[in-house]
Amino acid sequence: MIYFLPNERREKWVARLAGEFNLFLPVQIEGKIHWQKYDKGNFAIDQLALSEIRAAEPIKAFLYRPREVVATFPKPIDPAQEMSALLFGVKGCDLRGLDVHRKMFLEGEFRDPFYTRRLENTILVAADCPMPRESCFCNLVGLNPFVNRGVDLSITTFDDGWVIEAVSDRGEKLANSAKDLFVPAGEHHRARREEQRQKALGILEAQNSKKWNPELSRAIAEKTSDRSFWKKAGEDCVECFGCLMTCPTCFCFLLYDQAKAKTGADVNQFERTKVWDACYMAMYARVGGGANPRPEFVQRFINRFHCKFMHFMNQHGFYACSGCGRCFTACMGKIDIRNILGQL
Amino acid sequence: MNNPYQPIPAKILEVIEETPNIRTFVLKPEEDIPFLAGQFVELTIPGFGEAPFTPSSSQFEREKLEMTIMRVGRATGALFTNKAGDVLGIRGPYGKPYPLDKFVGRDIYIVGGGVGLAPLRALFLALVHEIKKYGRIYLRYGARTPNDVVYKKQLKEWEKIKGVDIDLSVDSADGPWERKVGVVTCLMDEIPCDVKRSVAVVCGPPIMMKFVTRRLLEAGFPGESIYLSMETNMSCGLGQCGHCRLGPYFTCKDGPVLTWEQIKDIEEPFL
Ligand SMILES: Cc1cc2nc3c(=O)[nH]c(=O)nc-3n(C[C@H](O)[C@H](O)[C@H](O)COP(=O)(O)OP(=O)(O)OC[C@H]3O[C@@H](n4cnc5c(N)ncnc54)[C@H](O)[C@@H]3O)c2cc1C
Ligand code: SF4
Ligand code: SF4
Ligand code: FES
């Protein structure tokens, strides 16, 4: 079903949602968009950056925590039951991260119970990007600057209000409980929405007019042995790993254990923490005794492209990249993966 | 709830000194770890972390589980301070077992180096358990010195089994040694099986894997009949964390044993 929410009723709806869920939404702070918790109207509805592009932080951290205790020994723990979260204003590119993590954490032989529970407990409300920015290239990785799948509700913002579509059963329920605020929307709302979406796509097409090699994964494989190409491409890297830490699709993690006590009765007790890791780190692939399959940075640099644009595509049919542009926005050397991929 | 990151306690029943830096740990996990030869487990040394190891005991022995481990660094160093009665953590089994159904009716040519005989022992014991199903079983094993040979007693007993052919070498012999001297490939000048119809199984240090694989290919083994234990860094063992990436594979789920056919296009598959 599709609805319309006039401007003057938006705040009421958002406040109502905040009463029911841990509500997070994007807010513009000093020119950048950040996820903020909405608490008893701590900011006005007009501060909401719903029509802007994705926030600086990927939504990954809400579901796949930067660090999380995943086991204790010898007495096991259970994933904590948390209040449901509602992420209000996720973008088309944000969902690619979820798709990658679903493949890695839920669809293999072993399921991550912590991720499972959080995902079940998280309501996703999407918002279109009417004005993609220069850093955006979702269209090159098979995504759109709007969402009509994989979320609960999808919002398109207009000057006079929001067009809201319920995409899932859960979304339909949410819409039903806001019946007093929502107005049923019709064909002309759909047409307006379509027009705005096409305009956004046009912006992306224009700024990303140079298309990638349609056989990109093969092109990468063929280019792999050309070390001077990759050395040049990565020469400004200072190995800060900012690109990987800010990337919404990167899934690497490390499990590490900490003893409860150095001596005494508790010496056998420990806590196991899962932390985000990064394949650029020199020690990442080192094996027992010290041998390292990727001792040179250029090998690790190539590995990132292999992982995201070759293996993931070959195995799962999509790139492990969302086109969000966070990596080169964060990069001190301004290494823009679009330029590198565009040359292949 | 099923938590794949959670280890279960496993008591050490016995520690067997194989060589100065290799020990076999006999464990009794609180729950059964139903591994098949070739699969591995993640062993936790409480407070020091985890490392992957392949059980070296028979998959048909369900009462206890053995692992033969070389001391190389942090986790294994801590493990070597543990003794009978201490409690470790264990989770698994992970990875793919040796495809024994594909081995039926064929000669099996096993080549091991150093502590690499550990996973091969699990395979060997599984094969001799149903020895009639297979052709001849050849075992070629090399160690650095006579002191570094693992399973000395068992090797003697295995030589007596009908249908088993064992040959041993050491890189250099400082003390008494009646077998060959030379790197393990010196046992491979003549390969007595019909290579086109046999399978080869290799486990050992990377440099040894490299030369043994080269020799097997030269001798005419098809790439898809050469089974190689690939060692990569591992964290989760579950196919989630990315650490064990080897070309398009995650060795923890697609391996740890891969055929030469699978890895031949990977740049430098052996470290
Ligand atoms: C499938 C599989 C089966 C195996 N089976 C056996 C077996 O049966 N028997 C056997 O003896 N071995 C086996 N191994 C090898 C065994 O896992 C390693 O020897 C063991 O992990 C070494 O651990 P360690 O901590 O003692 O070594 P270390 O060299 O101390 O450490 C290796 C690990 O610690 C990390 N690390 C170490 N130093 C640093 C540092 N400075 N900075 C960051 N990270 C660091 C590395 O990332 C690596 O994960 C197997 C390996 C695999 C993959
Ligand atoms: S990359 Fe696309 S979906 Fe993401 S913020 Fe930019 S326009 Fe929106
Ligand atoms: S690689 Fe860069 S553009 Fe692609 S998802 Fe990661 S941060 Fe975004
Ligand atoms: S060890 Fe984590 S993916 Fe293989």
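All of these numbers come straight from a predicted model, not from anything done at the bench.

A tally of regular secondary structure across chain B gives seven helices and 15 strands. A compact globule built from 271 residues should have a C-alpha radius of gyration of about 18 Å, and chain B, at 18 Å, falls within 12% of that. Element-wise, carbon and sulfur atoms account for 52% of the exposed surface of chain B, whose accessible area totals about 11100 Å². Separation between the mean location of the 33 positive side-chain charges and that of the 34 negative ones in chain B comes to 2 Å.

So, on to the domain arrangement of chain B. Residue and element names in this part refer to chain B. Domain boundaries assigned for chain B yield domain 1 (8-94) and domain 2 (100-229). Using C-alpha coordinates to define each centre, domain 1 is positioned 23 Å away from domain 2. Taken residue by residue, the interface counts 17 residues in domain 1 and 16 residues in domain 2. Taken together, the two surfaces of domain 1 and domain 2 that pack against each other cover about 1300 Å², and 63% of this comes from carbon and sulfur. Considering only the side of domain 1, the residues that lose the most area to domain 2 are Glu18, Ser56 and Phe60, jointly responsible for 34% of the buried surface there. The partner of Arg121 in a salt bridge is Glu66, with the nearest N and O atoms 2.7 Å apart. Linking domain 1 with domain 2 are seven residue pairs in polar contact (both at pLDDT 80 or more). Those elements that place two or more of their residues in the side of domain 1 that touches domain 2 are strand 1 (8-19), strand 2 (22-29) and strand 5 (65-70). Among the elements that take part in the side of domain 1 that touches domain 2, strand 5 stands out by supplying four residues, more than any other. Tallied by class, the residues present in the side of domain 1 that touches domain 2 amount to seven nonpolar, eight polar and two charged.

Once that is clear, we can look at the site of ligand 3. Residues and elements named next belong to chain A. Around ligand 3, a shell composed of Phe137, Cys247, Pro248, Arg304, Lys308, Cys321, Ser322, Cys324, Gly325, Arg326, Cys327 and Ile337 is seen. Every element with two or more residues in the shell around ligand 3 is listed here: helix 10 (297-316) and helix 11 (326-330). Each residue belonging to the shell around ligand 3 can be placed in one class, and the counts come to seven nonpolar, two polar and three charged.

Right, let's get into the layout of surface pockets. Of the volumes computed, that of the second largest pocket is approximately 770 Å³. For the second largest pocket, the lining is made up of 34 residues, of which A:His306, B:Leu246, B:Gly247, B:Ile266 and B:Glu267 are closest to its centre. Broken down by secondary-structure element, the contributors of at least two residues to the lining of the second largest pocket are helix 10 of chain A together with strand 13 (245-246) and helix 7 (260-263) of chain B. It is helix 10 of chain A that contributes the most residues to the lining of the second largest pocket, seven residues altogether. Partitioned by chemical class, the residues of the lining of the second largest pocket number 15 nonpolar, 12 polar and seven charged.

Moving on: the packing of aromatic side chains. Residue and element names in this part refer to chain A. Using the criterion set out here, one finds 39 aromatic pairs over all chains in the structure. Considering the side-chain rings of Trp13 and Trp162, the 6.4 Å spacing of their centres and the 70° angle between planes classify their relative orientation as edge-to-face. Taken together, the residues Trp13 in helix 1 (residues 7-20) and Trp162 in strand 8 (residues 161-166) connect sequence positions 149 residues apart. The pair formed by Trp13 and Trp162 is uniform in burial state, with each residue classed as buried. A ring pair is formed by Trp13 and Phe182, whose centres lie 5.0 Å apart and whose planes are at 75°; its orientation type is edge-to-face. Of this pair, Trp13 sits in helix 1 while Phe182 sits in the loop between helix 5 (169-176) and strand 9 (183-184), and the two are 169 residues apart along the sequence.

Residue and element names in this part refer to chain B. Extensive coverage of strand 11 (residues 199-203) is indicated by the burial of five of its five residues. Of the two faces of strand 11, the one holding Val199, Val201 and Cys203 and the one holding Ala200 and Val202 are both buried throughout. The pairing of strand 7 (residues 108-113) with strand 11 spans five bridges and is classified as parallel. Following the sheet pairing, Ile110 is matched in strand 11 by Val201. Relative to strand 12 (residues 226-229), strand 11 runs parallel, the two sharing three bridges. Paired with Val201 across the strands is Tyr227, a residue of strand 12. Between strand 11 and its parallel partner strand 12, the chain crosses via helix 5 (residues 206-219), and the hand of that crossover is right-handed.

A separate point is the interface of chain B and chain A. Counting residues at the interface gives 38 residues for chain B and 45 residues for chain A. For the pair chain B and chain A, the two sides together bury roughly 3200 Å², of which 58% comes from carbon and sulfur. Among the residues chain B hides against chain A, the three largest losses belong to B:Tyr5, B:Gln240 and B:Arg245. Together they make up 21% of the total. Summed over the shared surface of chain B and chain A, the result is two salt bridges. Across the pair A:Arg272 and B:Glu50 runs a salt bridge, and its minimum N-O distance is 3.0 Å. Elements represented by at least two residues in the side of chain B that touches chain A include exactly strand 1, strand 4 (49-53) and strand 6 (87-94) of chain B. Considering each element in turn, the side of chain B that touches chain A owes the most residues, six residues, to strand 6 of chain B. A per-class count over the side of chain B that touches chain A returns 18 nonpolar, 15 polar and five charged.

Procedures and definitions
- Residues numbered from 1 in each chain as written.
- Chains lettered and ligands numbered in written order.
- Predicted model: local features only at pLDDT ≥ 70, side-chain atom pairs only at ≥ 80, totals over all residues.
- Heavy atoms only, no water.
- Helix = DSSP H or I, 4+ residues; strand = E, 2+ residues; numbered from the N terminus.
- Rg over C-alpha atoms; globule rule 2.2 N^0.38 Å.
- Areas by Shrake-Rupley, 256 points an atom, 1.4 Å probe, with all protein chains shown as cover.
- Lys, Arg positive; Asp, Glu negative; His and termini not counted.
- Charge placed at Lys NZ, Arg CZ, Asp CG, Glu CD.
- Domains from an automatic or database assignment.
- Contact = heavy atoms within 4.5 Å.
- Buried area = accessible area lost by both parts, 1.4 Å probe.
- Salt bridge = Lys/Arg side-chain N within 4 Å of Asp/Glu carboxyl O.
- Polar contact = N/O pair within 3.5 Å; in protein donor to acceptor, adjacent residues only side chain to side chain.
- Nonpolar A, V, L, I, M, F, W, Y, C, P; charged D, E, K, R; others polar.
- Near = heavy atom within 4 Å.
- 1 Å grid on protein atoms, 1.4 Å probe; cavity = no way out; pocket = protein on both sides within 12 Å on 5 of 7 lines; lining within 4 Å.
- Points joined across faces, edges and corners; volume = space filled by probe spheres on them.
- Phe/Tyr/Trp six-rings, centres within 6.5 Å; stacked < 30°, edge-to-face > 60°.
- Buried < 20%, exposed > 50% of the residue type's maximum accessible area, 1.4 Å probe, protein only.
- Pairing = 2+ DSSP bridges.
- Right-handed = clockwise from strand over helix to strand, strands pointing away.

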